[in-house]
Amino acid sequence: MMTKEELVKLLKSLKVPVSENVPEDDEIEAETRICFWEIEWDPITASGSEYNTVVTYQVSVISEYPRCKALLSLKKELNKLDLHPRIKHEKNIPDRRWHSYFAIDVLENIE
């Protein structure tokens, strides 16, 4: 399992705009962008753990193209780390954009 810092580093390595929570105004129209946000906390109760919580994040890749380069690169890098999230896709017809998304668990201290 990766840490939040490792997740952020990986997302930023893709060389597309990355935002936690709400994207910046100037990123909305980017050809491809990534947004991520926490959707669940699962406390770690074992003593001696370096981290106190497993945090589940949703990672969303929004692009003008299906199977965009950033999404394929992200999948490849996660697979190298033996992480294999189920990636879902939807087409936003009015915006003519693709939304690919998945959940991933990371270790984090939230307190």
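Being a predicted model, the structure only gives us computed values, none of them experimental. (Residues numbered from 1 in each chain as written. Predicted model: local features only at pLDDT ≥ 70, side-chain atom pairs only at ≥ 80, totals over all residues. Heavy atoms only, no water.)

1. Considering the overall build of the protein chain
Argument step 1. The helix and strand inventory of the protein chain stands at two helices and six strands.
Argument step 2. In the protein chain, the order of α-helices and β-strands from amino to carboxyl end is β-α-β-β-β-α-β-β.
Argument step 3. Computed over C-alpha atoms, the radius of gyration of the protein chain comes to 15 Å, within 12% of the 13 Å expected from 2.2 N^0.38 for 111 residues, which places it in the range of a compact globule.
Argument step 4. For the C-alpha atoms alone, the extent of the protein chain along its principal axes is close to 50 × 30 × 20 Å.
Argument step 5. When burial is assessed residue by residue, the protein chain has 38% of its 111 residues classed as buried.
Argument step 6. For the protein chain, long-range pairs separated by at least 24 residues make up 58% of all intrachain contacts whose partners lie at least 6 apart in sequence. (Helix = DSSP H or I, 4+ residues; strand = E, 2+ residues; numbered from the N terminus. Rg over C-alpha atoms; globule rule 2.2 N^0.38 Å. Buried < 20%, exposed > 50% of the residue type's maximum accessible area, 1.4 Å probe, protein only. Contact = heavy atoms within 4.5 Å.)

2. Quick notes on the environment of Ile104
Argument step 1. Mapped onto the elements of the fold, Ile104 is located in strand E6 (residues 97–108).
Argument step 2. On the accessibility criterion, Ile104 (6% relative accessible area) is buried.
Argument step 3. Counting along the chain gives 24 residues from Ile104 to Lys80, while the straight-line C-alpha distance between them is 15 Å.
Argument step 4. Once residues lying within four places of it in the same chain are set aside, the contact partners of Ile104 are Met2, Leu7, Val55, Thr56, Tyr57, Val59, Leu78 and Leu83.

3. Things to note about the layout of surface pockets
Argument step 1. Counted as a void, the largest pocket has a volume near 180 Å³.
Argument step 2. Taken together, 13 residues line the largest pocket, and the ones lying closest to its centre are Arg33, Ile62, Asn92, Asp95 and Arg97.
Argument step 3. Residue composition of the lining of the largest pocket, by class: five nonpolar, three polar and five charged. (1 Å grid on protein atoms, 1.4 Å probe; cavity = no way out; pocket = protein on both sides within 12 Å on 5 of 7 lines; lining within 4 Å. Points joined across faces, edges and corners; volume = space filled by probe spheres on them. Nonpolar A, V, L, I, M, F, W, Y, C, P; charged D, E, K, R; others polar.)

4. Quick word on the environment of Tyr101
Argument step 1. Structurally, Tyr101 can be placed in strand E6.
Argument step 2. Setting aside residues no more than four positions away along its own chain, Tyr101 makes contact with Gln58, Val59, Ser60, Arg86, Ile87, Lys88, His89 and Glu90.

5. Notes on the side chain of Ser60
Argument step 1. As for its position among the elements, Ser60 is in strand E4 (residues 53–63).
Argument step 2. Its relative accessible area of 1% is what places Ser60 among the buried residues.
Argument step 3. At a separation of 2.9 Å, a polar atom in the side chain of Ser60 contacts the side chain of Gln58.
Argument step 4. Residues contacting Ser60, with those up to four places away along its chain left out, are Arg33, Ile34, Cys35, Trp37, His99, Ser100 and Tyr101. (Polar contact = N/O pair within 3.5 Å; in protein donor to acceptor, adjacent residues only side chain to side chain.)

6. A closer look at the packing of aromatic side chains
Argument step 1. As enumerated under the stated definition, the model contains one aromatic pair in all.
Argument step 2. Plain terms: the ring middles of Phe36 and Tyr57 are 5.7 Å apart, the flat faces sit at 55° to each other, and that makes the pair tilted. Separated by 21 residues along the polypeptide, Phe36 in strand E3 (residues 32–43) and Tyr57 in strand E4 bring together distant segments of the chain. You'll find Phe36 and Tyr57 in the same group, each marked buried. (Phe/Tyr/Trp six-rings, centres within 6.5 Å; stacked < 30°, edge-to-face > 60°.)

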